[in-house]
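Structural overview for review
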Amino acid sequence: METKNTFEKIYEIVCQIPYGTVATYGQIAALAGNKRLSRVVGYALHVNPRPEEIPCYRVVNRFGEVSKAFAFGGGNRQKDLLMAEGVEFRDGRVVMEKYQWRKALF
């Protein structure tokens, strides 16, 4: 699959994450068609060409941790954006059982 198409697919999926919920890198990769592309998802979000349109801050790791290298202001900024949407944290992690997006893979 061509990189541009892969990135665009990732961006389309991230745009579907509802307000007040999060998804994991692996979840986005699986929805994009290849569950092994988690790192590609991370890179695509890091080079997000439209941060005002693509809510990359709604993507966290499988443990519910925000990115330490969040491209648009660091991990604290990502946490602030999520908290502004009502997402709760416990011990520095998103409460995944409550806030993880439950999008079917088909």
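Given the structure is predicted, the values throughout are model-derived calculations rather than measurements.

For the rest of this paragraph, the subject is the environment of Ala44. With respect to the secondary-structure elements, Ala44 resides in helix α3 (residues 38–46). Take Ala44: its relative accessible area is 0%, and that puts it in the buried class. With 33 residues separating them in the primary sequence, Ala44 and Tyr11 have C-alpha atoms 8.0 Å apart.

Let us now look at the packing of aromatic side chains. Taken as a whole and judged by the stated rule, the model has 2 aromatic pairs. Between Phe7 and Tyr11, the ring centres sit 6.3 Å apart and the planes meet at 70 degrees, which makes this aromatic pair edge-to-face. Placement of the pair is Phe7 and Tyr11 together in helix α1 (residues 3–14), with a separation of 4 residues, close to one helical turn. Given a relative accessible area of 3%, Tyr11 falls into the buried group. Each ring, one from Phe7 and one from Tyr43, has its centre 5.9 Å from the other, and the planes form 55 degrees; the classification is tilted. With Phe7 in helix α1 and Tyr43 in helix α3, this residue pair connects regions lying 36 residues apart in the sequence.

Within α3 the residues assigned to the buried category are Val41, Ala44 and Leu45. For α3, the angular spread of buried residues about the axis comes to 95 degrees, placing them on one side.

In this section: the confidence of the model for the chain. Looking at the chain as a whole, the pLDDT averages 90, with 88% of positions reaching at least 70. Across the chain, element-level confidence peaks in strand β4 (residues 93–94) with a mean pLDDT of 98 and bottoms out in helix α4 (residues 74–84) with 87.

To continue, consider the environment of Ala69. Position of Ala69 relative to the elements: it lies in the loop between β2 (59–60) and α4. Judged by relative accessible area, Ala69 falls into the exposed class, the value being 51%.

When you line up the elements, Thr24 lands in strand β1 (residues 23–24). Excluding anything up to four places from it in sequence, Thr24 contacts Val59, Val60, Asn61, Arg62, Met96 and Gln100.

Let's shift gears to the pattern of salt bridges. Any two side chains of opposite charge can pair, on the condition that their charged atoms come close. Under the counting rule described, the total for this entry stands at 5 salt bridges. For the salt bridge of Glu53 with Arg50, the shortest nitrogen-to-oxygen distance reads 3.1 Å. For Glu53, a relative accessible area of 49% puts it in the partly exposed group. Accessibility expressed as a relative area gives 27% for Arg50, which makes it partly exposed.

With that settled, the discussion passes to the state of the cysteines. All told, the structure shown has 0 disulfides when counted by the stated rule. Here Cys15 stays unpaired: no disulfide links it, and the sulfur of Cys56, its closest cysteine neighbor, is 9.8 Å away. On the accessibility criterion, Cys56 (6% relative accessible area) is buried.

About the cut-offs
Residues numbered from 1 in each chain as written. Predicted model: local features only at pLDDT ≥ 70, side-chain atom pairs only at ≥ 80, totals over all residues. Heavy atoms only, no water. Helix = DSSP H or I, 4+ residues; strand = E, 2+ residues; numbered from the N terminus. Buried < 20%, exposed > 50% of the residue type's maximum accessible area, 1.4 Å probe, protein only. Phe/Tyr/Trp six-rings, centres within 6.5 Å; stacked < 30°, edge-to-face > 60°. Arc of directions from axis to C-beta. pLDDT = per-residue confidence, 0-100. Contact = heavy atoms within 4.5 Å. Salt bridge = Lys/Arg side-chain N within 4 Å of Asp/Glu carboxyl O. Disulfide = S-S within 2.5 Å.

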